[in-house]
Amino acid sequence: AQRVTQPEKLLSVFKGAPVELKCNYSYSGSPELFWYVQYSRQRLQLLLRHISRESIKGFTADLNKGETSFHLKKPFAQEEDSAMYYCALLPKETSGSRLTFGEGTQLTVNP
Amino acid sequence: DAGVTQSPTHLIKTRGQQVTLRCSPKSGHDTVSWYQQALGQGPQFIFQYYEEEERQRGNFPDRFSGHQFPNYSSELNVNALLLGDSALYLCASSFRLAVQETQYFGPGTRLLVL
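Overview of the structure.

One number sums up the size of the largest pocket: a volume of about 450 Å³. Around the largest pocket, the lining is made up of 19 residues, and of these A:Gln2, A:Arg3, A:Thr100, A:Phe101 and B:Gln44 lie nearest the centre. Listing elements by their share of the lining of the largest pocket, those giving two or more residues are strand E1 (3–5) and strand E10 (100–101) of chain A together with strand E5 (44–50) of chain B. A per-element tally of the lining of the largest pocket places E1(A) first, with 3 residues. Residue composition of the lining of the largest pocket, grouped by class: 7 nonpolar, 9 polar and 3 charged. A volume near 310 Å³ is recorded for the second largest pocket. If you go around the second largest pocket, you meet 17 residues; those closest to its centre are A:Gln38, A:Met84, A:Tyr86, B:Gln37 and B:Arg110.

This is how it looks when you write it as structure tokens:
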């Protein structure tokens, strides 16, 4: 069985400061990892996926298989980054697209 | 394209009742997944449908059942409601044969069981 852990429920930073949202996972096979974001009063949406290796809205995330982590980083946080962030795992060995989510981290960027 | 739509937006039921939630997928999508999100928690996978059949199922009792129609829309049914079924129910759609399958989420249906 797979599991995703986001150790921080709440994270508060000041505008312009670096931010890192932690995500650890447990899965015996080869996973695909995602970060989803939910802005206030909006639906859950995909922010980025590790296989794309792209930067979205200044955010990046690197899959570290040795540490089983997929931390989300941004060098300079903006107020509009305030949102709920969920890390999610998709097992690649099984058919279908069942996502396992962490409990989420509420990021607040203060002015 | 309105994206994934869900109805109703809110629902109040009493224990023991039955409820049906509906989902229309994003245009071009053929797969629908349902998730339950309790307050303060991440979404939990209930089941997934494509080609009108349940393909994967999470750790939910048989009280939770579903259906997918030929137009790819889907229903989630919950029988014998319990207080613990109160949650936000999310529907997500995707195209199964996409090179990088991405799930797009609807706004959810908030169910309150009294």
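That covers the picture; the talk isn't over yet.
Counting across every chain of the model gives 2 disulfides over all chains. The disulfide bridge from A:Cys23 ends at A:Cys87, spanning 2.0 Å between sulfur atoms. Across the S-S bond linking A:Cys23 and A:Cys87, the dihedral sits near -65°, which makes this disulfide left-handed. A residue pair is termed long-range when its members are at least 10 positions apart, and A:Cys23 in the loop between strand E3 (19–21) and strand E4 (24–26) and A:Cys87 in strand E9 (residues 83–91) qualify at 64 residues. Taking relative accessible area as the criterion, A:Cys23 reaches 0% and is therefore assigned buried. Through a disulfide, B:Cys23 is tied to B:Cys91; the S-S separation comes to 1.8 Å. Judged by the sign of its S-S torsion, about -55°, the bond between B:Cys23 and B:Cys91 is left-handed. Separated by 68 residues along the polypeptide, B:Cys23 in strand E3 (residues 19–24) and B:Cys91 in strand E9 (residues 87–94) bring together distant segments of the chain. Neither residue differs from the other here; B:Cys23 and B:Cys91 are each classed as buried.

What follows is about the sheet that holds strand E7 (residues 60–61) of chain A. Residue and element names in this part refer to chain A. The strand order E3-E8-E7 describes an open sheet built from 3 strands, whose pairing is antiparallel. The open sheet is flanked by E3 and E7, the only strands paired with a single partner. Relative to strand E8 (residues 72–74), E7 runs antiparallel, the two being bridged by 2 bridges. Its bridge partner lying in E8, Thr-60 is registered against Lys-73.

The next subject is empty space enclosed by the protein. Across all of its chains, the model carries 1 cavity of 30 Å³ or more by this definition. Estimates place the volume of the largest cavity at around 40 Å³. Along its surface, the largest cavity is lined by A:Phe34, A:Tyr36, A:Leu90, A:Ser97, A:Leu99, B:Glu101, B:Thr102 and B:Gln103. Residue composition of the lining of the largest cavity, by class: 4 nonpolar, 3 polar and 1 charged.

Within the largest apolar cluster, 25 residues are counted, with the highest numbers of intra-cluster contacts made by A:Trp35, A:Leu72 and A:Tyr85. Those elements that place two or more of their residues in this core are strand E2 (10–14), E3, strand E5 (31–38), strand E6 (45–49), E9 and strand E11 (105–110) of chain A. In terms of residue count, E9(A) provides more of this core than any other element does, 4 residues in total. B:Leu11, B:Val19, B:Leu81 and B:Val113 belong to the second largest nonpolar core, which has 20 residues in total.

Quick notes on the rules
- Residues numbered from 1 in each chain as written.
- Chains lettered and ligands numbered in written order.
- Predicted model: local features only at pLDDT ≥ 70, side-chain atom pairs only at ≥ 80, totals over all residues.
- Heavy atoms only, no water.
- 1 Å grid on protein atoms, 1.4 Å probe; cavity = no way out; pocket = protein on both sides within 12 Å on 5 of 7 lines; lining within 4 Å.
- Points joined across faces, edges and corners; volume = space filled by probe spheres on them.
- Helix = DSSP H or I, 4+ residues; strand = E, 2+ residues; numbered from the N terminus.
- Nonpolar A, V, L, I, M, F, W, Y, C, P; charged D, E, K, R; others polar.
- Disulfide = S-S within 2.5 Å.
- Buried < 20%, exposed > 50% of the residue type's maximum accessible area, 1.4 Å probe, protein only.
- Pairing = 2+ DSSP bridges.
- Core = buried A, V, L, I, M, F, W, Y, C linked by side-chain atoms within 4.5 Å.

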